[in-house]
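An overview of the molecular structure
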Amino acid sequence: MRVLLVEDEKQLGIEIIDFLKNDGYVCDWSVNLDDGSEKLATNPYDYVLLDLGLPDGDGLELINEINTCQKDVSIIILTARSEVNDKIEGLQQGADDYLSKPFSLLELKARMQAIARRKGGWNNNVLEIGSFQIDLNSKEVYHGQEGIPMTSKEFRLLHFLLINKNRVLNRFQLAEHLWGDHLDDDHQSNYIDVHIKNIRKKMGAYADVDWLETVRGLGYKIRK
């Protein structure tokens, strides 16, 4: 998934970006409102982690812009513990959650996963599709008690499709999720097709995977 961090504290920003990248997220980082606004205008995101006290204005100003240009993005406010009214205002404007500084990076990850589960209609760390289970903690796929080997990109692709169930995702959206930029030619675009083929082959050896659909001329979706 792709994350935009809008945070002007250098050390905190480095820690968050390094942590999320190591966990497989594609990350961009802005240190002020103007740069954050520019990135939002040119790149699609799954999450925006938004500091409120920015050098060129109030981070709350960015929430309305996010809701206008990227309605499906999830927003987590990062704020000092004393800014209670700002937390409330941010949630009222459409933020999904907030974290008070200082916070644990593991808690940040847990909050992000909780938002993904909630928006996907799941209530725990194990997602189910057909007769398969997808464990978000171990990043493993199971059929009953048997594990199904997946590469990191295959798992991330499957997870991304799952949390967007019934929504058609084209190759460019899937590429943004995996690599952070668009595929620029047919040869590279076929790489997404190869991942989908591998997922179908690996899971199809255990049970039917007709829920993973190809939408001709558009992309892929998981039907549930």
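For the structure, check the block above.
For clarity, every value in this text was computed on a predicted model and none was experimentally measured. (Residues numbered from 1 in each chain as written. Predicted model: local features only at pLDDT ≥ 70, side-chain atom pairs only at ≥ 80, totals over all residues. Heavy atoms only, no water.)

1. Some thoughts on the overall build of the chain
Keep this limit in mind: In DSSP terms, a helix is any run of H or I states spanning at least four residues, a strand is any run of E spanning at least two, and both are numbered starting from the N terminus. For the radius of gyration, the atom set is restricted to C-alpha positions; the globular benchmark scales as 2.2 Å times the number of residues to the power 0.38. The rule is simple: take the accessible area with a 1.4 Å probe, protein chains only, and divide by the maximum for that residue type; under 20% is buried, over 50% is exposed, in between is partly exposed. Throughout, a residue-residue contact means that at least one pair of heavy atoms, one from each residue, lies within 4.5 Å. Here the open area of atoms and residues is found with the Shrake-Rupley method and a 1.4 Å probe, where only the protein chains shown may cover a residue.
Counting its secondary structure elements, the chain contains eight helices and 13 strands. Since a compact globule built from 224 residues should have a radius of gyration of about 17 Å, the 18 Å found for the chain is in line with a globular shape. With respect to the three principal axes, the spread of C-alpha positions in the chain is 55 × 40 × 30 Å. The 224 residues of the chain split such that 47% are buried. Within the chain, contacts between residues at least 6 apart in sequence are counted, and of these 56% link residues at least 24 apart. Of the roughly 11,100 Å² of accessible surface on the chain, 47% is carried by carbon and sulfur atoms.

2. Things to note about a negative patch on the surface
What counts, and what does not: In this scheme, patches are assembled from residues that exceed 30% relative accessible area and form no salt bridge. Like charges are connected within 9 Å, while nonpolar side chains (Val, Leu, Ile, Met, Phe, Trp, Tyr) are connected within 5 Å. In the sections that follow, a salt bridge refers to a side-chain nitrogen of Lys or Arg positioned within 4 Å of a carboxyl oxygen of Asp or Glu. None of His or the chain ends enter the tally, which takes Lys and Arg as positive and Asp and Glu as negative. A charge is said to be at NZ when it belongs to Lys, at CZ for Arg, at CG for Asp and at CD for Glu.
Residues Asp 8, Asp 34, Glu 38, Asp 56 and Glu 61 make up a contiguous surface patch of negative charge. Within the element layout of this structure, Asp 56 appears in the loop between β4 (53-54) and β5 (57-58).

3. A closer look at the nonpolar core
Definition in use: Joining through side-chain atoms within 4.5 Å is the link that ties buried Ala, Val, Leu, Ile, Met, Phe, Trp, Tyr and Cys residues into a set, and such a set is a nonpolar core.
Ile 16, Leu 49, Leu 158 and Met 203 are the most contacted members of the largest nonpolar core, which totals 48 residues. The biggest single contributor to this core is helix α6 (residues 152-163), with seven residues. If we skip the residues at most four places from it in the chain, Leu 158 touches Ile 134, Val 141, Met 150, Ile 199, Met 203, Trp 211 and Ile 222. Counting residues in hydrophobic clusters, the runner-up holds 17 residues, among them Tyr 45, Leu 52, Ile 63 and Ile 77.

4. Thoughts on the sheet that holds strand β9 (residues 132-135)
Test applied: Note: two strands are recorded as paired if DSSP finds a minimum of 2 bridges between them. For helices, the fitted axis covers only the stretch in contact; all axes are lines through C-alpha atoms, and the angles between them, taken along N-to-C directions, range from 0 to 180 degrees.
Within the open sheet, the four strands sit side by side as β8-β9-β10-β11. Their pairing is antiparallel. Each edge of the sheet is formed by a strand with only one pairing partner; in this case those strands are β8 (126-129) and β11 (146-148). Going across the sheet, the axis of each strand differs from the next one's by a mean of 30°, ignoring polarity. Contacts from α6 reach β8, β9 and β10 (140-143) within the one sheet, and its direction differs from that of β9 by about 105°.

5. Regarding the packing of α6 against helix α7 (residues 171-179)
What counts here: Geometric relationships in this document are graded by angle, where less than 35 degrees denotes roughly parallel, more than 145 denotes roughly antiparallel, 65 to 115 denotes roughly perpendicular, and other angles denote oblique. With the far helix as reference, a near helix turned anticlockwise by less than a right angle produces a left-handed crossing, and one turned clockwise produces a right-handed crossing. Residues are sorted three ways: Asp, Glu, Lys and Arg are charged, Ala, Val, Leu, Ile, Met, Phe, Trp, Tyr, Cys and Pro are nonpolar, and all the rest, Gly among them, are polar.
Close contact between α6 and α7 brings their axes to 10 Å; oriented N to C, the two are set at 125°. Our classification of the angle between α6 and α7 gives oblique. The handedness of the crossing between α6 and α7 comes out as right-handed. The segment α6 lies against α7, with Lys 153, Arg 156, Leu 157, Phe 160 and Leu 161 engaging Gln 173, Leu 174, His 177, Leu 178 and Trp 179. Among the residues making up the contact of α6 with α7, the classes are represented as six nonpolar, two polar and two charged.

6. Structural notes on the pairing of strand β12 (residues 212-215)
In this structure, β12 lies alongside strand β13 (residues 219-222), joined through four bridges in antiparallel fashion. Directly across from Glu 213, in β13, lies its bridge partner Lys 221.

7. A closer look at the pattern of salt bridges
Evaluated as defined, the whole model comprises 15 salt bridges. The residue Lys 101 makes a salt bridge to Glu 7 at a minimum N-O spacing of 2.9 Å. A residue pair is termed long-range when its members are at least 10 positions apart, and Lys 101 in strand β7 (residues 97-101) and Glu 7 in the loop between β1 (2-6) and α1 (10-22) qualify at 94 residues. Judged by its relative accessible area of 16%, Lys 101 falls in the buried class. The salt bridge partner of Asp 97 is Arg 111, with a shortest N-O separation of 3.0 Å. With Asp 97 in strand β7 and Arg 111 in helix α5 (residues 105-120), this pair connects stretches of sequence that are 14 residues apart. Of the residues examined, Asp 97 reaches a relative accessible area of 18% and is grouped as buried.

8. Notes on helix α3 (residues 61-69)
An α-helix turns once per 3.6 residues; consequently, residues spaced three or four apart project the same way. This is how the line gets drawn: When we speak of the arc, we mean the arc of directions from the helix axis to the C-beta atoms.
Within the sequence span of α3, burial applies to Leu 62, Ile 63 and Ile 66. Burial along α3 is one-sided: seen end-on, the buried residues are contained in an arc of 105°. Of the exposed residues in α3, the ones pointing more than 90 degrees away from its buried face are Glu 61 and Thr 68.

9. Looking at the sheet that holds strand β2 (residues 26-30)
Pairing in this open sheet of five strands is parallel, and the strands run β2-β1-β3-β6-β7 from one edge to the other. A strand with exactly one partner marks an edge of an open sheet, and here the two such strands are β2 and β7. Recorded for the sheet is a direction-independent mean angle of 20° between the axes of neighbouring strands. Direction of pairing for β1 relative to β2: parallel, over a ladder of five bridges.

Function cannot be inferred from these measures alone, as they are strictly geometric.
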